Every structure is written in structure tokens, then in C-alpha cells.
Amino acid sequence: MNTSLRRTLTVLGAPVAALVVWILAVPVAGATLSVRAGDATQTVEAVPVAVSSLLAGLAGWALLAVLERLTSRPRRIWTIVAVIVWVLSFLGPLGSAIGTPATLVLLLMHLTVGATLILGLSVWGRR
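Summarised in this report is the structure supplied together with it. (Residues numbered from 1 in each chain as written. Predicted model: local features only at pLDDT ≥ 70, side-chain atom pairs only at ≥ 80, totals over all residues. Heavy atoms only, no water.)

Secondary structure assignment for the protein yields 5 helices and 2 strands. Starting at the N terminus and walking to the C terminus, you meet the elements of the protein as α-β-β-α-α-α-α. A principal-axis box enclosing the C-alpha atoms of the protein has dimensions of 45 × 25 × 20 Å. When burial is assessed residue by residue, the protein has 37% of its 127 residues classed as buried. (Helix = DSSP H or I, 4+ residues; strand = E, 2+ residues; numbered from the N terminus. Buried < 20%, exposed > 50% of the residue type's maximum accessible area, 1.4 Å probe, protein only.)

Written out as C-alpha cells, the structure is:
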């Protein structure tokens with residue numbers, strides 16, 4: 001499988017993985033995923049989950065492409081940056097999720113998307 005196809009499948013796989021978690025948690029298990037957004041409360045729905053996961057994947061791919069053109073060790077640099085961003089992304093659910101179930105599900109979504117992208121674009125993405 002060529003690199004471009006592998007990366008495309010990885011980027012598309014991230015929102016699919018996040019949506020699987022969302023579907024199992026919300027419609028199947030009946031969890032409510034609410035987060036604080038300033039003074040308001042928002043419910044986390046499927047479309048924003050898919051879009052944000054897709055955008056994260058596209059941003060990661062773009063950064064990797066730039067690093068491949070500019071550096072001698074692009075995957076190493078990309079992986080370090082990606083892991084730092086991934087770890088920092090956990091602060092979102094930890095700081096804004098309302099209730100333990102919402103926190104756990106949102107953390108699981110971040111874990112799933114990050115693992116998919118890091119493994120797919122870096123580790124399994126090697127030629």
C-alpha cells in the first residue's frame with residue numbers, strides 16, 4: 001500500500017474510531033456527553049466529533065508533510081510533537097466535561113483518535 005493511501009485511510013479512520021466510541025456511549029449506553037463552554041453547557045454530538053477528529057488528522061498529516069520536506073528526521077520530530085499535543089488534548093475533557101461518565105467517554109475518544117493518528121501516520125506509516 002502506498003504512503004498516500006495509508007495516510008488517507010489513517011486520517012479517515014480517526015473520525016470513524018471516535019464515532020464508534022460516541023455511538024457505543026451515547027445511543028447504545030445512554031450516556032449524556034455535556035461540557036462547559038464558558039457560562040453555557042453544550043452536548044457533544046456526532047458531527048462535531050467527526051469533524052474535529054478529521055481536522056486533527058488533516059493537521060497531523062500536513063505537519064508531517066512539511067517536516068518531510070524540511071527536516072532529516074521528520075517522523076521522529078512529528079511523533080514527539082504529536083504525543084505532546086495528544087497528552088495536552090486530555091486537558092479538554094478533564095477541565096470541561098460534566099460528570100464522570102462524560103469525562104471517561106471523552107477521554108476515551110481522545111485516546112482513540114490520538115492512538116489511531118500516531119500509530120497510523122508515524123509508526124505503521126513507515127515504508
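Now for the packing of aromatic side chains. On inspection of all chains with the given rule, the structure shows 1 aromatic pair. Ring centres 5.9 Å apart and planes at 45 degrees place the aromatic pair W86 and F90 in the tilted group. (Phe/Tyr/Trp six-rings, centres within 6.5 Å; stacked < 30°, edge-to-face > 60°.)

So, about the nonpolar core. Counting residues in each nonpolar core, the largest one holds 24 residues, and the members touching the most others are L33, W78, L106 and M109. Counting only elements with at least two residues in this core, the list comes to α1 (3–28), α2 (46–70), α3 (74–89) and α5 (100–123). No other element matches the 8 residues that α5 contributes to this core. (Core = buried A, V, L, I, M, F, W, Y, C linked by side-chain atoms within 4.5 Å.)

Bringing the packing of α2 against α5 into the picture now. Contact geometry of α2 with α5 gives a least axis separation of 11 Å together with a crossing angle of 30 degrees. Regarding the angle of α2 to α5, the classification is roughly parallel. As α2 packs across α5, the resulting crossing turns out to be right-handed. In this structure, α2 contributes V49, S53, A56, G57, G60, W61 and L64 to the contact, and α5 contributes M109, V113, L117 and L121. For the contact of α2 with α5, the residue count by class is 8 nonpolar, 3 polar and no charged. (Axes fitted to C-alpha atoms, helices over the stretch in contact; angles between N-to-C directions. Parallel < 35°, antiparallel > 145°, perpendicular 65-115°, else oblique. Left-handed = near helix turned anticlockwise from the far one by under 90°. Contact = heavy atoms within 4.5 Å. Nonpolar A, V, L, I, M, F, W, Y, C, P; charged D, E, K, R; others polar.)

Next up on the list: the pattern of salt bridges. Using the criterion set out here, one finds 1 salt bridge in the structure. Salt-bridge contacts for E68 lead to R7; the nearest nitrogen and oxygen are separated by 2.5 Å. Separated by 61 residues along the polypeptide, E68 in helix α2 and R7 in helix α1 bring together distant segments of the chain. Take E68: its relative accessible area is 31%, and that puts it in the partly exposed class. (Salt bridge = Lys/Arg side-chain N within 4 Å of Asp/Glu carboxyl O.)

In this structure, the largest pocket spans a volume of roughly 600 Å³. As for the largest pocket, its lining consists of 27 residues, and the residues nearest its centre are S52, A56, S89, H110 and V113. At the level of secondary structure, the elements contributing two or more residues to the lining of the largest pocket comprise α2, α3, α4 (91–96) and α5. For the lining of the largest pocket, the per-class residue count stands at 19 nonpolar, 8 polar and no charged. (1 Å grid on protein atoms, 1.4 Å probe; cavity = no way out; pocket = protein on both sides within 12 Å on 5 of 7 lines; lining within 4 Å. Points joined across faces, edges and corners; volume = space filled by probe spheres on them.)

In this model, α1 (26 residues) spans 36 Å end to end at C-alpha, consistent with the 38 Å of a helix rising 1.5 Å per residue. The largest bend in α1 amounts to roughly 25 degrees and is located at W22. Near the N-terminus of α1, the side chain that reaches the backbone nitrogen of S4, with its oxygen 3.2 Å away, is that of N2. (Expected span 1.5 Å × (residues − 1). Bend = angle between axes of the 7 residues up to and from the residue. Polar contact = N/O pair within 3.5 Å; in protein donor to acceptor, adjacent residues only side chain to side chain.)

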